[in-house]
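Results of the structural survey
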Amino acid sequence: MLRELLNLFIIFFKIGLFSIGGGYVMLPMLRREMVEDRDWLSDAELIDYYAIAQATPGIIAINTATFVGYKRRGVWGALASTAGMVGPSLIIITIIAIFFARFQDEVVVQKALRGIRVAVAVLLSFTVASLIKKAVHGLQGVVLFIGAFIGVALLRLSPIPVLLTGAFIGLAAGALARRKHVDPENNGRGDQK
Amino acid sequence: MSLLTIFAAFFKIGLFTIGGGLAAIPLLREELVAGGWVSGAEFIDMLAVSQSTPGPIGINMATYAGFKAASFPGSLAATAGMVAPSLIIIILIARFMRNFSDHPLVQNVLGGVRPAAIGLIAAAAWFVLSNSVLLMEHFPGTGWFELPAFTLGAVIALVYWKTKAYPVYYIVAGGLIGIFLF
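A brief look at the structure comes next. (Residues numbered from 1 in each chain as written. Chains lettered and ligands numbered in written order. Predicted model: local features only at pLDDT ≥ 70, side-chain atom pairs only at ≥ 80, totals over all residues. Heavy atoms only, no water.)

**A look at the overall build of chain B**
Along chain B, the regular secondary structure elements total seven helices and zero strands. The secondary structure elements of chain B, listed N-terminal to C-terminal, are α-α-α-α-α-α-α. Each principal axis of the C-alpha atoms in chain B carries an extent, and together these give about 55 × 40 × 25 Å. Among the 182 residues that make up chain B, the fraction classed as buried is 57%. (Helix = DSSP H or I, 4+ residues; strand = E, 2+ residues; numbered from the N terminus. Buried < 20%, exposed > 50% of the residue type's maximum accessible area, 1.4 Å probe, protein only.)

**Focus on the interface of chain B and chain A**
The interface of chain B with chain A comprises 95 residues on the first partner and 85 residues on the second. Between chain B and chain A, roughly 7,900 Å² of surface is buried when both sides are summed, and carbon and sulfur atoms account for 78% of that area. Applying the counting rule to chain B against chain A returns one salt bridge. The salt bridge involving Asp45(B) is made with Arg117(A); its shortest N-O contact spans 2.8 Å. (Contact = heavy atoms within 4.5 Å. Buried area = accessible area lost by both parts, 1.4 Å probe. Salt bridge = Lys/Arg side-chain N within 4 Å of Asp/Glu carboxyl O.)

**A short note on unusual backbone geometry**
Here Asp39(A), not a glycine, exhibits a phi torsion of approximately 65°, which is positive. In this structure, Asp39(A) sits in the loop between helix H2 (26-36) and helix H3 (43-55). Note on Asp39(A): relative accessible area 65%, which makes it exposed. Positive phi, normally seen in glycine, also occurs at Ser71(B), with a value near 55°. By the element assignment, Ser71(B) lies in helix H4 (residues 57-96).

Below is the structure:
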């Protein structure tokens, strides 16, 4: 038991250590560790967990780690996996934060930071563009995307009510679509041609 | 700032982060910049550090902000707050629900939340752009448009578009060029 908890911690520590710039490298690494090397999960299970991780609140990498850990060894497994996943961040970022506070007022560092901010702006813009391509579809998607952008960027609304409004509109649209779909069958009017 | 306040602030952020660590950026900005924890420029520096070091961006940001607020105990409190909603919700789902992500109501909610979340990320990107390349509202005295920054941005965009290399390289290159350019 303890041995497997330690194993879970080490595996997710390793994944945390190698996922640089977002969780996109996580799935291939997780597949290798869990499916190929250990036979702990099947491909279908892994994909299910990943899908649920994306559909629930929280960072996808943390959700996946929690899910896999729980399935292997219950609540303690979930804790061990999650602790492993955040371990590298805690260590590395703390070290950087200590040094950063010491050097951030140097002129050279200030200049370097201005260049770095430009790079961050460009990278983030590209990421947004690819996210739009992947997940903003149809009238509802476009209206919600533009509405959320204007609401937060220009009207300075807080993000949480904007997300809740999106959830509500999604639910309402779904209910409306279901009613449209069910009505002709129930009433036997046969709206279709 | 008390550790409980830090934990609660990041619990809220973790709870409303849907669809990956990037979705945490607008929430973090609201909490950290509007809440007065860090300045706008400092927020972008944190983003740069978080993007170019190992670990999920959201966790890196939480660790960093927590450290700034209350040293090492602060980074532990922030990170614990950020992952606590995941632990609770995922364990409940793993225990009690099957086919959660296929449920029509879940699909409907996500159909509304996902595009809105991307709109929020776009707003955060706009904030970063306006603080580094375009309007410069947080760097008084430089005017609203700065040619060196804009040129550097255009060059990075062109190279990234052509090569799509690892983000870390662009952050390092931006830093090195910045030393000579500004």
